[in-house]
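So the chains spell out like this:
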Amino acid sequence: MESGYVTPPGEQPASAHYTSVEQLSAGELTRTASAVRYGKKYFLKALSGEAAGQTMYRQMLDKEFGLLMGLNHPGVVQAVEMAEIAPLGRCMVMEWIEGTTLDCYIDAHPDRKEAQRLVMQLLDSVEHMHRHGVVHRDLKPTNIMVTDNGGQVKIIDFGLADTDAHLSLKQPAGTAGFIAPEQITGRDADTRNDIYSLGVILRDMNIGSRWKRVAQRCLLPLGERWQSVEALRDALHHADRRARNLLRAVVGTLIAALAAGTIVVALMALRGQRGNERLQAANDSLQSAVDRLRNEQSAQQLIIHNMSDSMDAVNHTNRVLRQAEDEREAHAQRMEQAVQRGKQLVDNAMRSTRIMQHLDTLTNARYLTPDFAEKCMAGPGAINKFVEGLDATFSESDRADIYNQLTKYSANRWFNPINDKFRKIPLK
């Protein structure tokens, strides 16, 4: 990888403690690098450009370091120290992770058991964060690493994380497609924000239909989704136990049926050995005569009856298929109509705030109107009101599907453009 700066061999180290400083990436606000100290490699994160001279961004970097220092778990990247390292300046030093991101790892390891193992590690890691009052707020596959040695999940990038212990630097945060709807409104950090993101991650993993049904509840509105990681994990375990119990019941039934069949065969054999040969011959002769008579008298009726049954079965099947197809088409049409009505309500709510026009004319962020956050809530508020007002013909799964479609629409149509415009407004 080509870097911005490398400590030349044989020259004075880049700092008193860290050598071989090599830039990995450079963004608008932050830049990252690797460095070596006492033969061990570390990951560095520092502010770049004008951000390095602004108090707010320095406080955000200190906040991220403070949150990580309060966490100690194999599934969370470990912070080491804050240090002045030339030429980066003030850096947050973290452990170096040899591995790949979760999405790349899953592509290379599509096995269901492996995916379920990673899910349980991920839930343990997130539960540890929540137990210490930390909400990540930007969980997504690219912020989750899997180590090359041992396949250990590691959550990284706590730049948008939050906790009740920090009374400042509260701001809307997240990535479109993974962000919980309530985060768009700038509400205080809530552990259920991360549970929504977990639902999106699990939805795209090969974890089996039982686990996916459980994970679907993560995507419901705030008060209806799983309220804690512990509840989500217990539900996944319960789904497995229920499946195992059903399998044991089926196997037990089969074993009992086989045992009963073996006993019947044995009794019949014993009876045949003790039977009277002449009686058996008479019975055989009588049975043969009865069979011939029955065949002669009912052959034609049997053919007609079978033909009638076949036609009835075909007609019944066709009716069932037509009815099912009609129901599917009607349901799809109702869902599409509901989504279109919801989109119209979102657009009307956001247009009435004139927030885009306000941002177009804004020359400095300090001139934001006091009700800016409230205006950002107009779209999500319209979604919640619309979904709650749907009639009883819409199932819980239908509501969740409509809610997710409208949330994605709101993010792409309004939230992302608003965020892009806001980031271009000078902060001074």
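Residues numbered from 1 in each chain as written. Predicted model: local features only at pLDDT ≥ 70, side-chain atom pairs only at ≥ 80, totals over all residues. Heavy atoms only, no water.

## Quick look at the overall build of the protein chain
1) Next: Within the protein chain, the secondary structure is distributed over 12 helices and 10 strands.
2) Next: Per-residue burial for the protein chain yields a buried fraction of 39% across its 428 residues.
3) Next: Put simply, 61% of the contacts in the protein chain that link residues at least 6 apart link residues at least 24 apart.
4) Next: Surface accessibility of the protein chain: about 24900 Å² in total, with carbon and sulfur atoms responsible for 54%. (Helix = DSSP H or I, 4+ residues; strand = E, 2+ residues; numbered from the N terminus. Buried < 20%, exposed > 50% of the residue type's maximum accessible area, 1.4 Å probe, protein only. Contact = heavy atoms within 4.5 Å. Areas by Shrake-Rupley, 256 points an atom, 1.4 Å probe, with all protein chains shown as cover.)

## What to know about the sheet that holds strand 6 (residues 99–101)
1) Next: One open sheet holds the 3 strands; their spatial order is 6-8-9, and the pairing between them is antiparallel. Only two strands of the sheet have a single neighbouring strand rather than two, namely strand 6 and strand 9 (153–155). For this sheet, the mean inter-axis angle between neighbouring strands, taken without regard to orientation, is 30 degrees.
2) Next: Across 3 bridges, the pairing between strand 8 (residues 144–147) and strand 9 is antiparallel. Residue pairing across strands places M145 opposite K154, the latter belonging to strand 9.
3) Next: Lying on the sheet, helix 3 (residues 112–131) is in contact with strand 8 and strand 9; it crosses strand 9 at an angle near 35 degrees. (Pairing = 2+ DSSP bridges. Axes fitted to C-alpha atoms, helices over the stretch in contact; angles between N-to-C directions.)

## Section: the pattern of salt bridges
1) Next: On inspection of all chains with the given rule, the structure shows 15 salt bridges.
2) Next: Between K375 and D371 there is a salt bridge, with the nearest N and O atoms lying 3.9 Å from each other.
3) Next: By relative accessible area, K375 is classed as buried at 19%.
4) Next: Residue D371 is classed as partly exposed on the basis of its relative accessible area of 31%.
5) Next: Here the salt bridges share partners, and the residues they tie into one network are K45, E64 and D157. (Salt bridge = Lys/Arg side-chain N within 4 Å of Asp/Glu carboxyl O.)

## Examining the sheet that holds strand 3 (residues 40–47)
1) Next: The strand order 1-2-3-5-4 describes an open sheet built from 5 strands, whose pairing is antiparallel. Edge strands, defined here as strands with exactly one partner in the open sheet, are strand 1 (19–26) and strand 4 (79–85). If you compare each strand with its neighbour and ignore which way they point, the axes differ by 30 degrees on average.
2) Next: Pairing geometry for strand 4 and strand 5 (residues 89–95), over 6 bridges, is antiparallel.

## Digging into the environment of A239
1) Next: Turning to its location among the elements, A239 is positioned in helix 7 (residues 229–274).
2) Next: Dropping the residues within four chain positions of it, A239 is found in contact with R210 and V214.

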